[in-house]
Structure formats: structure tokens, C-alpha cells
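A structural walkthrough
Residues per chain, in single letters:
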Amino acid sequence: MTAPLPHTLRSDALENRDRILDAARALFSTEGLDVPMRKIARRAEVGPATLYRHFPTKQTLVADAFAEQLHACRAIVDEGCADPDPWHGLCLVIERICELHARDRGFTEAFLSAFPGATDVAAGREYTVRAVARLAGRAKEAGRLRSDFVLDDLVLVLMANKGLNATSNATRVAASRRFAALAIQAFEACPHHAPLPPLGGDTTGRPPEA
């Protein structure tokens, strides 16, 4: 008579875990990664002990909450790098990554900041940066990407894309697609393009060191 009990407990545990992840994604998207763990527990309607049993640290919660997005990001980059036309591949990466980030601004914050201790997120960002750097180099050699393009330009695009506000997710995604198209036009090699000014610091807004 007691045989079904472990299965019942496992189902309950999986349901709690899914509710915690859903709550974390929603709060990360609206309030950022600094949202307290207790607030996530309240949103998920579980006790703090249940939350910490599934996710002992904020880092593990962040990594698991965005595991699907990290997988999608890697798939996008791999598809772009596999394209025999490096410019077409780079355009695909810019378009789809902007859309991915527009759908979940919490992921954008985690990706750009490489949330301390979230090794999966940091590794995913490092993989993306290295792959896009190689792809951009090939696009420059093909004469399609402007010669003064640097990877920080793509970071700036993602930062600006994160700031898109809309009344619905569909509207924000549509705005992101248009924004990505404008960015791609700016990145394309053209004899009429004026040289870009130097960044004069890093993309976090800190002034350059003396």
C-alpha cells in the first residue's frame, strides 16, 4: 500500500521545482537578478526551505532558470558559424540573439553581467564571444563587415535591445527585429560610412582609466 508514496513525493518535488523556476524567470525579467530568494519563494508559493532544497544558491537558480536560453543561444551561434557565407551567418546571429534577448530581459542581464558564480552562464557567454569573434573576422575578410567593427559594438546592441519597452512581448519582439535590422545596416561595409569614434571606455559606462 505504501509503494506509490515515493512517486507521489517525486511528482510534488518536480512541481515545486517547476514553480520556482517559473517564478524566478518572471522576477528576473521584471526586477533583475538582485531579487531576493525569499521573494522568489513567495511568488512560487513554496517555503524558503523548499527553495533552498532545490537550489542551494542564487547561482544555481540563475543557471537552471536560463539553461534553455543558453542552449538556444549556442545553437544560434553554431548555425551562424556553419553558414558558408560569413556575412549571412553573422546577420542571422545578430537577428536571432536580439530576438532571444527581447523575449527574456532577465536572460540579457545574466548574459551581459555573467552573474558571479553562475559558471554555466559565464561559459555560455565565453563560447558565444569566441565564436562570434571568429565569424566577424571571416565577414571582414569577405569585405562585408566594416573593418572597424569590434565585439563591444555587438554588446552595445544587446544593451540597447534590452531597453526596448512595449506593451506586449510580441510588440517588443517586433521592435527588436527592426532594431536588429538597423544595426546590421550600420555594421555592413560601405565606402560611404564615416569611421566610428572610439568607445572611450568600456560598455559598462565606466570612464577610461587615466
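This section reports on the structure supplied with the text. Bear in mind that the values here come from a model prediction, so they are computed numbers and not experimental data.

Bringing the side chain of histidine 101 into the picture now. Residue position: histidine 101 is located in helix α6 (residues 86-103). According to the relative accessible area criterion, histidine 101 is buried, its value standing at 1%. Among the polar contacts made by the side chain of histidine 101, one reaches the side chain of threonine 108 at a distance of 2.9 Å. Not counting residues within four places of it along the chain, the set of residues in contact with histidine 101 comprises Phe107, Thr108, Phe111, Leu158 and Asn161.

Where helix α9 (residues 151-162) meets helix α10 (residues 169-187), the closest approach of the two axes is 11 Å, and the angle between their N-to-C directions is 160°. If you check the angle between α9 and α10, you find them roughly antiparallel. Our pair here, α9 against α10, has a crossing hand that is right-handed. Contact residues: α9 offers Asp153, Val157, Ala160 and Asn161, while α10 offers Ser176, Phe179, Ala183 and Phe187. Considered class by class, the residues forming the contact of α9 with α10 number five nonpolar, two polar and one charged.

Right, let's get into the packing of helix α7 (residues 105-113) against helix α8 (residues 119-141). The axes of two packed helices give the description: the angle between them and the distance between them. Relative to each other, α7 and α8 sit at 75°, their axes nearing to 8 Å. Here α8 runs roughly perpendicular to α7, going by the angle between their axes. Residues Ala110, Phe111, Leu112 and Ser113 of α7 pack against Val121, Gly124, Arg125 and Thr128 of α8.

Once that is clear, we can look at α9. Taking 1.5 Å per residue, 12 residues should reach 16 Å; α9 reaches 17 Å between its end C-alpha atoms and fits that length. Among the residues making up α9, those that are buried are Asp153, Leu154, Val157, Leu158 and Asn161. In an axial view of α9, the angular spread of the buried residues amounts to 145°, which keeps them on one side of the axis. The secondary structure elements touched by the buried residues of α9 are α6, α7, α8 and α10.

This part takes up unusual backbone geometry. Trans is the prevailing form of peptide bonds, just as negative phi is the prevailing case for residues other than glycine. In the Ramachandran plot, glutamate 45 falls in the positive-phi region, its phi being about 60° despite a non-glycine side chain. Within the element layout of this structure, glutamate 45 appears in the loop between α2 (37-44) and α3 (48-54).

Attention now goes to the nonpolar core. Among the nonpolar cores identified, the biggest contains 50 residues, and Phe28, Ile40 and Leu61 are the most heavily contacted of them. Here this core takes nine residues from α6, the largest share from any one element. Apart from the residues lying within four places of it in its own chain, the contact partners of leucine 61 are Ile20, Leu21, Ala24, Phe28, Met37, Ile40 and Phe55.

Next up on the list: the pattern of salt bridges. The full count for this structure, using the stated rule, is 10 salt bridges. Its salt-bridge partner being arginine 17, residue aspartate 64 comes within 2.7 Å of it at the nearest N-O pair. One end of the pair, aspartate 64, is in helix α4 (residues 58-65); the other, arginine 17, is in helix α1 (residues 5-31), with 47 residues separating them in the sequence. For arginine 17, a relative accessible area of 28% translates into the label partly exposed. Through salt bridges with shared partners, one network takes in Glu99, Arg103 and Arg177.

Glancing now at the packing of aromatic side chains. Inspection of every chain in the model, using the stated rule, returns four aromatic pairs. On the basis of an interplanar angle of 75° and a centroid distance of 4.9 Å, the ring pair of phenylalanine 149 and phenylalanine 187 is categorised as edge-to-face. Taken as a pair, phenylalanine 149 in the loop between α8 and α9 and phenylalanine 187 in helix α10 lie far apart in primary sequence, 38 residues in all. Residue class for phenylalanine 187 comes out buried when judged on its relative accessible area of 8%. An aromatic cluster is present here, built from Phe28, Phe66, Phe107 and Phe111 joined pairwise through their rings. Across from the ring centre of tyrosine 127, 3.7 Å away, lies the NZ or CZ of arginine 74, which sits over that ring.

What counts, and where the lines are drawn
- Residues numbered from 1 in each chain as written.
- Predicted model: local features only at pLDDT ≥ 70, side-chain atom pairs only at ≥ 80, totals over all residues.
- Heavy atoms only, no water.
- Helix = DSSP H or I, 4+ residues; strand = E, 2+ residues; numbered from the N terminus.
- Buried < 20%, exposed > 50% of the residue type's maximum accessible area, 1.4 Å probe, protein only.
- Polar contact = N/O pair within 3.5 Å; in protein donor to acceptor, adjacent residues only side chain to side chain.
- Contact = heavy atoms within 4.5 Å.
- Axes fitted to C-alpha atoms, helices over the stretch in contact; angles between N-to-C directions.
- Parallel < 35°, antiparallel > 145°, perpendicular 65-115°, else oblique.
- Left-handed = near helix turned anticlockwise from the far one by under 90°.
- Nonpolar A, V, L, I, M, F, W, Y, C, P; charged D, E, K, R; others polar.
- Expected span 1.5 Å × (residues − 1).
- Arc of directions from axis to C-beta.
- Core = buried A, V, L, I, M, F, W, Y, C linked by side-chain atoms within 4.5 Å.
- Salt bridge = Lys/Arg side-chain N within 4 Å of Asp/Glu carboxyl O.
- Phe/Tyr/Trp six-rings, centres within 6.5 Å; stacked < 30°, edge-to-face > 60°.
- Lys NZ or Arg CZ within 6 Å of the ring centre and 35° of its normal.

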